[in-house]
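Structural description and commentary
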Amino acid sequence: MTIAVVSPGAYSRRALALLPLGFLFLLALLPLGRLLLEGWDGVRLELFADDYLQGRLLWSLAQAAITCVLTAVIGVPLAWVLARLAFPGRALLLRLMLLPFVMPTLVAGLGVLTLFGPRGISGLNLQDTPWLLLYGNLFYNLPLVVRASVDGLLALPASRLLAARSLGASPWRAFWRIELPALMPWLSSSLCLVFLYCFSGFGLALLLGGQQWATIEVEIYTLVAYELNLADAGALALAAMLVSATAALFYAALEARMAVPAKTEPLALLKVNTLRRRVLLASALLVLLSITGAPLLALLARAATVEAQTWRLLLNEDTALALFNTLRFSLMALLLASLLGVLHALAARRSTLMRAAAFLPFVVSPVCVAFGLLLLYPGWTASLLLLVSAYALLAYPFIAKSLAAALDALPPNLPAAARTLGATPWRSFWRVSWPWLRPAFRRGLAFAAATTVGEFAVTLFLSRPEWLTLTTLIYQHLGRPGQANLDAALLLSVLLMLFALLAFAAIEWPEKNHAPDR
Amino acid sequence: MLQIVDLGLSYAGRPLFSRFNLCVEAGEIVALLGPSGCGKSSLLKIIAGLASADAGEVFFAGEPLTGLAPEARRFALMFQDFALFPHLDVLGNVMFGLIEQRVPRREAAVRAELMLADVGLAGFGPRRVWDLSGGEQQRVALARALITAPRLMLLDEPFSALDALLRTGLGDEFRRRLKVANIPAILVTHDPAEAARLADRVVSLS
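Quick look at the structure, then. Everything numeric in this text was worked out from a predicted model, so none of it was measured.

About the thresholds
- Residues numbered from 1 in each chain as written.
- Chains lettered and ligands numbered in written order.
- Predicted model: local features only at pLDDT ≥ 70, side-chain atom pairs only at ≥ 80, totals over all residues.
- Heavy atoms only, no water.
- Helix = DSSP H or I, 4+ residues; strand = E, 2+ residues; numbered from the N terminus.
- Rg over C-alpha atoms; globule rule 2.2 N^0.38 Å.
- Contact = heavy atoms within 4.5 Å.
- Areas by Shrake-Rupley, 256 points an atom, 1.4 Å probe, with all protein chains shown as cover.
- Lys, Arg positive; Asp, Glu negative; His and termini not counted.
- Charge placed at Lys NZ, Arg CZ, Asp CG, Glu CD.
- Buried < 20%, exposed > 50% of the residue type's maximum accessible area, 1.4 Å probe, protein only.
- Phe/Tyr/Trp six-rings, centres within 6.5 Å; stacked < 30°, edge-to-face > 60°.
- Lys NZ or Arg CZ within 6 Å of the ring centre and 35° of its normal.
- Buried area = accessible area lost by both parts, 1.4 Å probe.
- Salt bridge = Lys/Arg side-chain N within 4 Å of Asp/Glu carboxyl O.
- Polar contact = N/O pair within 3.5 Å; in protein donor to acceptor, adjacent residues only side chain to side chain.
- Axes fitted to C-alpha atoms, helices over the stretch in contact; angles between N-to-C directions.
- Parallel < 35°, antiparallel > 145°, perpendicular 65-115°, else oblique.
- Left-handed = near helix turned anticlockwise from the far one by under 90°.
- Nonpolar A, V, L, I, M, F, W, Y, C, P; charged D, E, K, R; others polar.
- Pairing = 2+ DSSP bridges.

Points about the overall build of chain A
Broken down by element type, chain A carries 23 helices and three strands. Scaling as 2.2 N^0.38, a compact globule of 518 residues should have a C-alpha radius of gyration of about 24 Å, and chain A matches this with 24 Å. Taking the principal axes of the C-alpha coordinates as reference, chain A spans close to 60 × 60 × 55 Å. Residue pairs in contact within chain A that sit at least 24 positions apart in sequence constitute 83% of those at least 6 positions apart. Surface accessibility of chain A: about 23,400 Å² in total, with carbon and sulfur atoms responsible for 69%. Here chain A holds 37 positive side-chain charges and 24 negative ones, and the gap between their average locations is 18 Å.

In structure tokens form, the structure reads like this:
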């Protein structure tokens, strides 16, 4: 039997998949394949015997692993407090946890430098220590682990915990024997992502690692951009891709094993009416603020004290050009990303392969993709089409994943009911399906916009000098000496932060006419 | 009115029914009785034009329905879960079909208000559908279907989500309204008592 109005047939699904799959093939798989070949040719055992490069590889692995341990140790208690205690502003705080996801790496990096860099407002200079990068990693990844753990704790049925208590377990024992095991699938899959993001991260490592604590991604960039040593860069990229692919496979395996949580009766929130709970809540909020709030607040505080002449420095052609280019490239990329995202989401219904494919741009490192694109399409280097396509590649999975989830949740009876009430397929889509999908599209689009506006790695590789964007301009200012340049970078970062906040507002803006359970 | 001739349908390689024949006269209410998974709901979807059969033909007033789009058939299908549109309020749901018939918005709103009052939901127009009880949602679904003046009503276990008392009361009300409006109907149910009480004729699908 075919339910004609509810799902496109197998043939049309395949036709829908052609464009996004072709795009992924040309912009991600082929370049990575080309990079693998380059790496394979350049692999020499003595290269990896080199102490310097060995150190880079080990440090890249170590900083990712240390971040995993730190986020788990800090994140799980934080998640418990947020999932179990009732306090005013709890829902808002949980939503604010999304903010770092849309914050460009340069903004976070400069925030960390403003706090703990030379002349940092904390008075503590951590420049040339590994702590700067680890702190930056925590800023991004602690919210990820906390959100995932809160979800895990909320999915635990109250009855299970109450049964444990009635069988004689103290709250503490019940945490270890019931809550933590239930949390493990969520925790481990989020830690896989943390490892992946830290290992293949570029912007933060470039800004905060310095010469001494640079990661393998920064080393690849240095080898390509400054030393034109493509052979060594290719070999390093091969090693980096192997590590990333392993982490991504682990993540995929963990996700596949994770059952979709059934609707459960969650535990009633505990009132904060004892001294112990008050202390617990206060310390959790303090830790959260000092890790995820402090860098942004420091950046704002420092920007507020910048001298007037720096503001004038910003009123020049470069800034105007950077702003114009950032908006222009983002808009073009978002148009392409919307098309790809919608087609991918439609094609991904009932196709596990398409769903996995939407995940690909999340797990590949932008540096590797950009490097691969350079190798594969040397004639197209610094072409606008390639740059915009690379932006769209990084941005469109947000739209595809968000829309695919909303499509899954759309009850097939709704469009069917609209048809029997006299609506044509197009009218049924416009009046019933689209209002259902619109919030998901808006959220995906906002994530995509935040990605393109703050994009840094691909821009450094593929852009031309005259295609200044906000991120490359900030980086240029940072490379120039003097306080005025640092201040200019700060102010531009605040502008970038405002864009991120706009995206965040678009993501979190409540949709008026929607059922509360959505 | 409605004639089903030699209809055949299989699902996942298993035949659900073959050479199925049924005739529904003007104003007649026919109950299709059968266990879950026997193809009752699929049959309704085929009649509504939302799914296609493997074999056979469906006629209405002597005209074959093959190739006729669901919106052109003017058969109202009521779902087990009511399928109310969550982004529209109660009035918006009831007006939905009128807007598709190009009835001006203002007139549609007036007619929808009247229809709501008729099913006992006067003043419910601005309410959100998810705030309603099961019985109220059921009445909104009924109002939404009746207002389009359907040529045939298809009811897919419309009372199964309601409690026993409400089920009996609403069932009787449904029967009365369909009879008053002289709309033929096919009621799909797995409850023999309900089938016997509400329908003029019971057809068993096994």
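Past the structure itself, the notes keep going.
Observations regarding the side chain of A:S463
Residue and element names in this part refer to chain A. Mapping S463 onto the fold places it in the loop between helix 21 (457–462) and helix 22 (470–479). Classification of S463 as buried rests on a relative accessible area of 18%. Dropping the residues within four chain positions of it, S463 is found in contact with L387 and V458.

Focus on the packing of aromatic side chains
Taken as a whole and judged by the stated rule, the model has 23 aromatic pairs over all chains. With centroids separated by 6.0 Å and ring planes inclined at 75°, the aromatic side chains of A:F329 and A:W467 adopt a geometry described as edge-to-face. You can see A:F329 sitting in helix 15 (residues 317–347) and its partner A:W467 sitting in the loop between helix 21 and helix 22, a full 138 residues away along the chain. Of the two residues examined, A:F329 and A:W467, each falls in the buried class. A centroid spacing of 4.7 Å and a plane angle of 45° characterise the contact between B:F85 and B:F96, whose relative ring orientation is tilted. Taken together, the residues B:F85 in the loop between strand 7 (75–78) and helix 3 (90–100) and B:F96 in helix 3 connect sequence positions 11 residues apart. Accessibility classification places B:F85 together with B:F96 in one group, the buried group. An aromatic cluster is built from A:F202, A:Y221, A:Y226, A:F456, A:F461 and A:Y475, whose rings are joined through pairwise contacts. The aromatic ring of B:F124 is capped on one face by B:R127, whose charged end is 4.5 Å from the ring centroid.

Description of the interface of chain B and chain A
The interface of chain B with chain A comprises 30 residues on the first partner and 26 residues on the second. Together, the buried faces of chain B and chain A total about 2,600 Å²; carbon and sulfur atoms form 62% of this surface. If you look at where chain B meets chain A, you find three salt bridges. With its nearest N and O atoms 2.7 Å apart, the salt bridge here joins A:R431 to B:E100. The interface formed by chain B and chain A holds six residue pairs in polar contact (both at pLDDT 80 or more) in total.

Observations regarding the packing of helix 20 (residues 425–453) of chain A against helix 3 of chain B
In the contact formed by helix 20 of chain A and helix 3 of chain B, the axes pass within 12 Å of each other and the chain directions differ by 155°. In terms of orientation, helix 20 of chain A lies roughly antiparallel with respect to helix 3 of chain B. Considering how the two elements wind past one another, helix 20 of chain A and helix 3 of chain B form a crossing that is right-handed. Between helix 20 of chain A and helix 3 of chain B, the contacting residues are A:R427, A:R431 and A:V432 on the first element and B:F96, B:I99 and B:E100 on the second. Class assignment for the residues of the contact of helix 20 of chain A with helix 3 of chain B results in three nonpolar, no polar and three charged.

A closer look at unusual backbone geometry
The residue A:L228 is not glycine, and still its phi comes out positive at about 50°. Tracing the backbone shows A:L228 in the loop between helix 11 (216–225) and helix 12 (230–257). Taking relative accessible area as the criterion, A:L228 reaches 69% and is therefore assigned exposed. Residue B:A61 is not a glycine yet carries a positive backbone phi of 50°. Among the structural elements, B:A61 can be located in the loop between strand 5 (55–60) and strand 6 (63–64).

Section: the sheet that holds strand 1 (residues 2–11) of chain B
Taken in spatial order, the four strands line up as 2-1-5-6 (chain B) in an open sheet, and their pairing is antiparallel. At either end of the open sheet lies a strand with only one pairing partner, and these are strand 2 (14–24) and strand 6 of chain B.

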